[in-house]
Amino acid sequence: FSNQSLLGHRWVLFVYPKDQTSGCTREACEFRDLKSEFEALGVRIFGLSRDSLRAHANFIAKQSLSFPLWSDEGGAWMRAHGLIFDANMYGKPVTKVARTSFAVGTDGRVEQIWEN
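Predicted, not measured: the structure shown is a model, and the values here were computed from it.

Calculation criteria
- Residues numbered from 1 in each chain as written.
- Predicted model: local features only at pLDDT ≥ 70, side-chain atom pairs only at ≥ 80, totals over all residues.
- Heavy atoms only, no water.
- Helix = DSSP H or I, 4+ residues; strand = E, 2+ residues; numbered from the N terminus.
- Rg over C-alpha atoms; globule rule 2.2 N^0.38 Å.
- Pairing = 2+ DSSP bridges.
- Buried < 20%, exposed > 50% of the residue type's maximum accessible area, 1.4 Å probe, protein only.
- Contact = heavy atoms within 4.5 Å.
- Core = buried A, V, L, I, M, F, W, Y, C linked by side-chain atoms within 4.5 Å.
- Axes fitted to C-alpha atoms, helices over the stretch in contact; angles between N-to-C directions.

S.K.: Residue-level account of the overall build of the protein, with values.
M.R.: Looking only at helices and strands, one finds 4 helices and 7 strands in the protein. In sequence order, the protein lays out its α and β elements as β-α-α-β-α-β-α-β-β-β-β. Radius of gyration (C-alpha) of the protein: 14 Å, near the 13 Å computed for a compact globule of 116 residues. Taking the principal axes of the C-alpha coordinates as reference, the protein spans close to 45 × 30 × 25 Å.

What follows is the structure, encoded as structure tokens:
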């Protein structure tokens, strides 16, 4: 995806690990519930995960999300921005996504980053 079409607009991108998981559902629903407050500030909301567009469509419908979810299925964008890392879970290697949100200004520059 490109932020060229968003130049002149303020927006937030929240990067999350997986659709339909408890923490990610909570996060997406919090953005949904606060959408009018973001809109009052002139800020658009977008979510991004490695899930497919089909999975996103199901997640959007099930949770009544009123903003787009972008797909980085191969994880290329997340890897390029250091948001994918290797970890161990129960002694097994896993690939994880760093839950991160970005506030982007009208000039397309990141103004603030929230990690975890």
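That covers the picture; the talk isn't over yet.
S.K.: A description of the pairing of strand β7 (residues 110-115) should follow, citing residues and the corresponding values.
M.R.: For a regular strand, the rule is simple: side chains alternate between the two faces of the sheet. The pairing of strand β6 (residues 100-104) with β7 spans 5 bridges and is classified as antiparallel. Looking across to β7, one finds that Ala103 is bridged to Gln112. Between the end of β6 and the start of β7, which pair antiparallel, lie 5 residues, with Gly108 showing a positive phi angle near 85°.

S.K.: I'd like to hear about the environment of Asp86, residue by residue, with values.
M.R.: Within the fold, Asp86 resides in strand β4 (residues 84-89). The exposed category is assigned to Asp86, whose relative accessible area is 66%. C-alpha of Asp86 to C-alpha of Val97: the two residues are 11 residues apart in sequence and 8.9 Å apart in space. Setting aside anything within four residues of it in sequence, one finds Asp86 in contact with Val94 and Thr95.

S.K.: Kindly report on the nonpolar core, identifying the contributing residues and their values.
M.R.: Among the nonpolar cores identified, the biggest contains 14 residues, and Trp11, Leu13, Val15, Trp70 and Met78 are the most heavily contacted of them. Looking at this core, the element that brings in the most residues is strand β1 (residues 10-15), giving 3 residues. Counting residues in hydrophobic clusters, the runner-up holds 13 residues, among them Phe31, Val43, Ile45 and Leu69.

S.K.: Can you explain the sheet that holds β6? Please cite residues and give values.
M.R.: Read across the open sheet, the 5 strands follow the order β3-β2-β1-β6-β7; overall the sheet is mixed. Both edges of this open sheet fall to β3 (69-71) and β7, since each of them pairs with a single strand only. Taking the axes of each pair of neighbouring strands and ignoring which way they run, one obtains an average angle of 20° across the sheet. Each of β1, β2 (43-49) and β6 touches helix α1 (residues 22-33); the most contacted strand, β1, lies at about 165° to it. Along the sheet face, helix α3 (residues 53-63) touches β2 and β3 and points at about 160° away from the line of β3.

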